[in-house]
Amino acid sequence: MKLSSAKVPRESKGASQSHGGHHNSKRKSGYTILPFQPADQPEQWSSVAVDMHNNNINNHQQPQNSHTSTSRSSDYSAGAAEPCATGNKWASRLLTECARAISDKDSSKIHHLLWMLNELASPYGDSDQKLASYFLQALFCKATESGQRCYKTLTSVAEKGHSFDSARKLILKFQEVSPWTTFGHVAANGAILEALDGETKLHIIDISNTLCTQWPTLLEALATRNDETPHLKLTVVVTANIVRSVMKEISQRMEKFARLMGVPFEFNVISGLNNLGELTKEALGVLDDEAIAVNCIGALRRVAVEERGAVIQMFQSLGPKIVTVVEEEADFSSTRYDFVRCFEECLRFYTLYFEMLDESFSPTSNEKLMLERECSRSIVRVLACDNEQENGGGECERRERGSQWSDRLKEAFSPVGFSDDVVDDVKALLKRYRAGWTLAQLHQDETGLCLTWKDEPVVWASAWKP
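Scope of this entry: the structure provided in the associated data block. Just so we're clear, the structure is a prediction, and the values are computed from it rather than from any experiment. In this convention, every chain numbers its residues from 1, walking through the sequence in written order. Totals for whole chains, interfaces and linings use all residues, but because this is a predicted model, local features are given only for residues with pLDDT of at least 70 and pairs of side-chain atoms are given and counted only at 80 or more. The side-chain values count all of the structure's non-hydrogen atoms but skip hydrogen atoms and water molecules.

Some details on the environment of Asp338
Put simply, the test is: Elements are defined by DSSP. Helices are runs of H or I of four residues or more, strands are runs of E of two residues or more, and each kind is numbered from the N terminus.
Looking at the secondary structure, you find Asp338 in the loop between β5 (322-328) and α14 (339-360). Remark: the alpha-carbon pair of Asp338 and Ser103, spanning 235 residues in sequence, is separated by 8.7 Å.

Description of the packing of helix α4 (residues 107-120) against helix α5 (residues 127-144)
Under the convention used in this document: Inter-axis angles, ranging from 0 to 180 degrees, are taken between N-to-C directions of lines fitted to C-alpha atoms, where helices are fitted over the stretch in contact. Each crossing gets its hand from how the near helix is turned against the far one by less than a right angle, where anticlockwise is left-handed and clockwise is right-handed. Contact definition: two residues touch when any of their heavy atoms are within 4.5 Å.
It is at 9 Å that the axes of α4 and α5 come closest, and there the two elements cross at 145°. Crossing of α4 against α5: the hand is left-handed. Contacts between α4 and α5 pair Ile110, Leu114, Leu117, Asn118 and Leu120 from the former with Gln129, Ala132, Leu136, Leu139, Phe140 and Ala143 from the latter.

Focus: the packing of aromatic side chains
Each pair of aromatic rings is reported with the distance of its centres and the angle of its planes. Quick reminder of the rule: Two rings belonging to Phe, Tyr or Trp (six-membered ring only in the last case) form a pair when the distance between their centres is within 6.5 Å. Interplanar angles under 30 degrees mark stacking, angles over 60 mark edge-to-face geometry, and anything in between is tilted. The classification of residues rests on relative accessible area computed with a 1.4 Å probe and restricted to protein chains. Under 20% of the type maximum is buried, over 50% is exposed, and intermediate values are partly exposed.
For the structure shown, the criterion picks out 16 aromatic pairs. Judged by centre distance (5.7 Å) and plane angle (35°), the rings of Tyr134 and Phe354 are tilted. One end of the pair, Tyr134, is in helix α5; the other, Phe354, is in helix α14, and 220 residues separate them in sequence. For the pair formed by Tyr134 and Phe354, the shared burial category is buried. The interplanar angle of 40° and the centroid separation of 6.3 Å between the aromatic rings of Tyr350 and Phe354 together place this pair among those described as tilted. Of this pair, Tyr350 and Phe354 both sit in helix α14, 4 residues apart, which is roughly one turn of the helix.

Some remarks on the side chain of Arg302
For the record, the criterion: The term polar contact refers here to a pair of N or O atoms within 3.5 Å; inside protein, the definition further demands a hydrogen-donor-capable atom paired with an acceptor-capable atom, and it admits residues adjacent in sequence only when both atoms are side-chain atoms.
Mapped onto the fold, Arg302 is located in the loop between β4 (291-297) and α13 (308-317). Of note is the side chain of Arg302, whose polar atom sits 3.3 Å from the backbone oxygen of Gly298.

Quick word on the nonpolar core
Here is the rule: In plain words, nonpolar cores are sets of buried Ala, Val, Leu, Ile, Met, Phe, Trp, Tyr and Cys residues tied together by side-chain atoms within 4.5 Å.
The biggest cluster of nonpolar side chains holds 106 residues, and the ones touching the most others in it are Phe135, Leu139, Tyr350, Tyr353 and Leu383. If you tally residues by element for this core, the top one is α14, at 12 residues. Beyond its immediate stretch of four places on either side in the chain, Leu383 contacts Phe135, Ala138, Lys142, Phe339, Cys342, Phe343 and Cys346. One finds Leu284, Cys296, Leu300 and Val325 within the second-largest nonpolar core, a separate group that totals 27 residues.

A word on the environment of Gly190
Residue placement: Gly190 occurs in helix α8 (residues 182-195). The class for Gly190 is buried, based on a relative accessible area of 13%. C-alpha of Gly190 to C-alpha of Phe418: the two residues are 228 residues apart in sequence and 8.1 Å apart in space.

Considering α5
To keep it simple, the criterion reads: Helices are assigned an expected span. That span is 1.5 Å times one less than the residue count.
Its 18 residues give α5 an end-to-end C-alpha distance of 26 Å, which sits within 8% of 26 Å, the value for a rise of 1.5 Å per residue. In terms of residue burial, α5 counts as a mostly covered element, since 16 of its 18 residues are buried. The N-cap of α5, judged by a side-chain oxygen 3.1 Å from the amide nitrogen of Asp128 a few residues on, is Asp126. The first or second residue beyond α5 is Glu145, which carries a positive phi of 55°.

As for α13
Threshold: Note: the arc covers the axis-to-C-beta directions of the helix.
Of all the residues in α13, the buried ones are Arg308, Val311, Ile312, Met314 and Phe315. An end-on view of α13 places all buried positions within 155° of arc, on one side of the element. The inward-facing, buried residues of α13 abut β1 (201-207), α12 (281-284), β4 and α16 (402-409). Just downstream of α13 lies Gly319, where phi reads positive at about 65°.

Quick look at unusual backbone geometry
Here the phi dihedral of Lys454 falls at roughly 55°; this positive angle occurs in a residue that is not glycine. Among the secondary structure elements, Lys454 is positioned in the loop between β8 (449-453) and β9 (456-465). Judged by its relative accessible area of 35%, Lys454 is partly exposed. Phi is positive for Asp455, close to 70°, though the residue is something other than glycine.

Structure representation (structure tokens):
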């Protein structure tokens, strides 16, 4: 992980150069006892350093190849999560103090804390070290006002290494071990199928980033309908360069699968947009005799906060039978002008996400590393790129909670409750995964379904009609 001209967070001794690490350290071991503490709060920082040193000694006493184990003991037993939860104290504390120092413009404290985090962080270490590593990058970019440049560099590197096979493998593996994305797919597909039941010409406008992995199950359901198989037009709206490069391959595979299922099918791609705010009704090619469904999975958060109302109004102008919205449960929007509060919410959300990845994948999983690197770009985007779109950065990363999205969507639509059949399908899906995933019971005044991990809401799904 590169931090512009600053020192990069250091990796553990066994980290491979092939992972993109930079070994500029002269240390003989993977970690160092800090030679000094910041002038303020010396006892607090000294205790952190001692705790880390003791942990590192224990780690180095283990066999050298212990980190190459392909699975965790006891198959991720319930007790295994406790060390992970308590272990995040040092990283969260140091990172939050650094964020406060940046907000206060305390240059001396910023210097000391960035240095300390740089010594302790590693993208290949335990959950604390990884959390520190990825947030350190964002904090450094914020302190040096280099967020835009860093984000563009990270994105460019990711795009160069992107291919259809690698993207497909990553998404399918993630869907295999976690319902993070499949939860929204099952809920949205159920609502769409029910809303379009009996229609003969369907037009689904797909605004998501999961490379059409949602649609094979829907095609199967259409193929087995009791009445005449309808004609399906699927229009995929692409705004990210990293997705554009693989759409030709996806189009060919989708058309082949539709033929196999015997579903009359048309596949269209709309690309060349910098953000969803540029999308128009005319570009979508909506016809009067089509039953329209708009599917937004992780899409609305990429629209500038000030433009979200206009995008929702544009959806309304299409006259859809159904609009499905799936978003992650975090608030990076209302806090965007308060750096410390936004940082704390970002830290809370990604701590949960990293812990989920650690418990879902094997420790040496390449897919886990790729997902974590995706997070690193998002974290820089949220915390270090002020006025994202005004500075020519395209999309943003301003997540909002389900209650906030509901307030926006109610300006143009009415909520549609998920049927018992759809809820049963979601519950059946969750049983395929390890313990810890549940479907939250929302209050009567709340809309949609909420996926929780260890009782923490993480993904919200909803359906809407004009």
